[in-house]
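What the coordinates show
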Amino acid sequence: MTALWTAADADSATGGTSTRAWQASGVSIDSRSLARGDLFVALAGPRVDGHDFLGDAFAHGASAAVVHRRPPGSDNELPLLIVRDTMAALGDLGAAARKRSGARIVAVTGSVGKTGTKEALRQALGRLGPIHASAGSLNNQWGVPLSLSRMPRDARFGVFELGMNHPGEIEALSKLARPHVALITTVEPAHLGFFSSVAAIADAKAEIFRGMDGNGAAVLNRDNEWYGRLEAAARAAGLSRIIGFGAHDDATVRLVDCHLHATASAVAVSIEGEIFDYCIGSPGRHWVMNSLGVLGVVRALGGDIAATAGAFAQLRPLDGRGRRHRVSLAQGDAELIDESYNASPASIRAAVAVLATSRPGPGGRRIAVLGDMLEMGDRAPELHAALAQPLAEAKIDLVFTVGEAMASLDRALPKAMRGGHDADSAAMAERIAATLRPGDVVSVKGSRGIRMDKIVSRLTAAPALTAKG
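Described in the following lines is the structure provided in the data block. (Residues numbered from 1 in each chain as written. Predicted model: local features only at pLDDT ≥ 70, side-chain atom pairs only at ≥ 80, totals over all residues. Heavy atoms only, no water.)

A word on the sheet that holds strand 20 (residues 398-402)
- Reading across the sheet, the 6 strands line up as 17-18-22-19-20-21 and stay open at both edges, with mixed pairing between neighbours. Looking at the sheet topology across the chains shown, the edges are occupied by strand 17 (323-329) and strand 21 (418-422). Taken pair by pair, the neighbouring strands of this sheet meet at an average axis angle of 20 degrees, ignoring direction.
- Looking at chain direction, strand 19 (residues 366-371) and strand 22 (residues 441-445) are connected through 5 bridges and run parallel. Bridging across to strand 22, V369 finds its partner in V444.
- Against the sheet, helix 11 (residues 345-357) touches strand 17, strand 18 (332-339), strand 19 and strand 22, its axis set at about 170 degrees to strand 22.
- Together, strand 19, strand 20 and strand 21 form the strand contacts of helix 15 (residues 425-435), whose direction differs from that of strand 21 by roughly 150 degrees. (Pairing = 2+ DSSP bridges. Helix = DSSP H or I, 4+ residues; strand = E, 2+ residues; numbered from the N terminus. Axes fitted to C-alpha atoms, helices over the stretch in contact; angles between N-to-C directions. Contact = heavy atoms within 4.5 Å.)

What follows is the structure, given as structure tokens:
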């Protein structure tokens, strides 16, 4: 097997010097998850310095380590790549991997749906050839170069997620990834605490075009109110191929029909007059829209639409993004929909829509447990309170709220829907554990900083809960 990196390759990419010959089959920045044969990059952060974990990295089988200083007492025989700055070196490795690759590169950004769409692209494009995609949500200033540095030499496609919460971040990441196709899932109110308006968020997402050349393609949500602004930005960047997706009559990938079920969706789309029917193994209209964007990317790459659309049936919700769990109760079972990874107005509405299609058991209820949406700025009270309407329209039986901002939603709800409010998720976890009864379907969602995953952990812990109902 050809090595992903050799000492000579890495020395050339970073301008550093290896203490001796080595070769690596992967790249890692975390000694806890490092796989045998990985190159360990010792990043020095504000709270944790990777140089302090060299011993752990080599104990777990690291083939070499990238360092900008030798730790006191380190073995002179250790295979080290010594550089001026390890963060810069990680970027250099990512840039070198991109430069040597012949893969067609797809970059995905958007206010919601980035990771799910990236995983759908992994499944779809994987039917056309060897594919490499960023793991999890590695979409920031260290996640993107790390993902690039891991790209195999023989990859035919590379799919990378680009995230941001400040202006200028996506431009830098796009110039590193240099995508052939850029997909923007949608633009919604998210990270408003760092932007003056949603229009400014759209402009920040449009930075993705600045890392592309005139031969590239932009795949944009034709139904989104910021489509015109994004299209103008793409053309200003020199892109002439614009592919719109959505239900809009002018969409290139146009939604003809869809049937939303509790655990799946049936979809029909038209692409230049040709109809394609397929099933999606994850529920919700947001997954339908994600699939249209994926097909837009496939069209931009000249791939087989029918072959790739068949991959959607294999999609399953991810941890924290819709994965379902059985909750064992003393008198029966309830169902948990884990949406705890993150939250924004658009993603909470999508989660509520999925909950509305769920099928509670006899005597069961649809229950939403919602934590604060962070980084909403001055509009936080307004945006949280506005969720009362979609919750009522979806006929959710009970709504529990967590955090300071969600108190606005609790006050805006009809009295009959108010399940209770707590300041933190740990207290709410106990409240929900005591409230659930057999047949209930409960959806848990909130921003990561609110730690709604504590509620998920509590509900899925053994032994069976004793529900007071």
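More follows now that the structure is in view.
Some thoughts on the pairing of strand 11 (residues 181-184)
- Every second residue of strand 11 is oriented toward a common face, with V181 and L183 on one face and A182 and I184 on the other, all of them buried.
- Direction of pairing for strand 8 (residues 104-109) relative to strand 11: parallel, over a ladder of 4 bridges. Counted as the bridge partner of T109 is I184 from strand 11.
- Here 4 bridges tie strand 11 to strand 12 (residues 217-221), and the two strands are oriented parallel to one another. Across the sheet, A182 pairs through a bridge with A218, a residue of strand 12.
- One crossover worth recording links strand 11 to the parallel strand 12 by way of helix 7 (residues 198-205), and it is right-handed. (Buried < 20%, exposed > 50% of the residue type's maximum accessible area, 1.4 Å probe, protein only. Right-handed = clockwise from strand over helix to strand, strands pointing away.)

Brief notes about the side chain of K118
- Examined against the element boundaries, K118 turns out to sit in helix 4 (residues 114-125).
- Reaching out from K118, the side chain makes a polar contact with the side chain of E119 at a distance of 2.7 Å.
- Every residue in contact with K118, bar those within four places of it in the chain, is listed here: A133, S134, A135, G136, V159 and E161. (Polar contact = N/O pair within 3.5 Å; in protein donor to acceptor, adjacent residues only side chain to side chain.)

Focus: the pattern of salt bridges
- Applying the stated rule across the entire model yields 20 salt bridges.
- Between D250 and R222 there is a salt bridge, with its nearest N and O atoms 3.8 Å apart. In this pair, D250 sits in the loop between strand 13 (241-246) and strand 14 (253-260) while R222 sits in the loop between strand 12 and helix 8 (227-236), placing the two residues 28 residues apart along the sequence.
- Look at D250 and you get exposed, because its relative accessible area is 54%.
- A single salt-bridge network, built from bridges that share partners, covers K118, E119 and R122. (Salt bridge = Lys/Arg side-chain N within 4 Å of Asp/Glu carboxyl O.)

Some points on the packing of aromatic side chains
- For the coordinates displayed, the defined rule picks out 1 aromatic pair.
- Where Y278 meets F312, the ring centres are 5.0 Å apart and the plane angle is 50 degrees; that geometry is what we call tilted. Taken as a pair, Y278 in strand 16 (residues 274-280) and F312 in the loop between helix 10 (305-309) and strand 17 lie far apart in primary sequence, 34 residues in all. Each member of the pair, Y278 together with F312, is buried. (Phe/Tyr/Trp six-rings, centres within 6.5 Å; stacked < 30°, edge-to-face > 60°.)

Observations regarding the packing of helix 1 (residues 7-14) against helix 3 (residues 86-100)
- Axis separation between helix 1 and helix 3 bottoms out at 8 Å; the angle between their running directions is 110 degrees. Classified by the interaxial angle, the pair formed by helix 1 and helix 3 is roughly perpendicular. For the pair helix 1 and helix 3, the contacting residues are D9, A10, A13 and T14 in the first and A89, D92, L93, A96 and R100 in the second.
- By residue class, the composition of the contact of helix 1 with helix 3 is 5 nonpolar, 1 polar and 3 charged. (Parallel < 35°, antiparallel > 145°, perpendicular 65-115°, else oblique. Nonpolar A, V, L, I, M, F, W, Y, C, P; charged D, E, K, R; others polar.)

A look at the nonpolar core
- Of all hydrophobic cores here, the largest spans 58 residues; its most connected members are F209, L391, I396, V399 and L409.
- Ignoring anything within four residues of it in the chain, the contact list for F209 reads A182, I184, A218, L220, L230, A233, A234, A237 and L239.
- The next biggest cluster of nonpolar side chains, apart from the first, holds 40 residues, and it includes C258, V267, I280 and A300. (Core = buried A, V, L, I, M, F, W, Y, C linked by side-chain atoms within 4.5 Å.)

Points about the environment of E274
- Within the element layout of this structure, E274 appears in strand 16.
- Classification of E274 as partly exposed rests on a relative accessible area of 47%.
- In this structure the C-alpha to C-alpha distance between E274 and A135, which are 139 residues apart in sequence, comes to 34 Å.

That is the geometry; function is a separate question.
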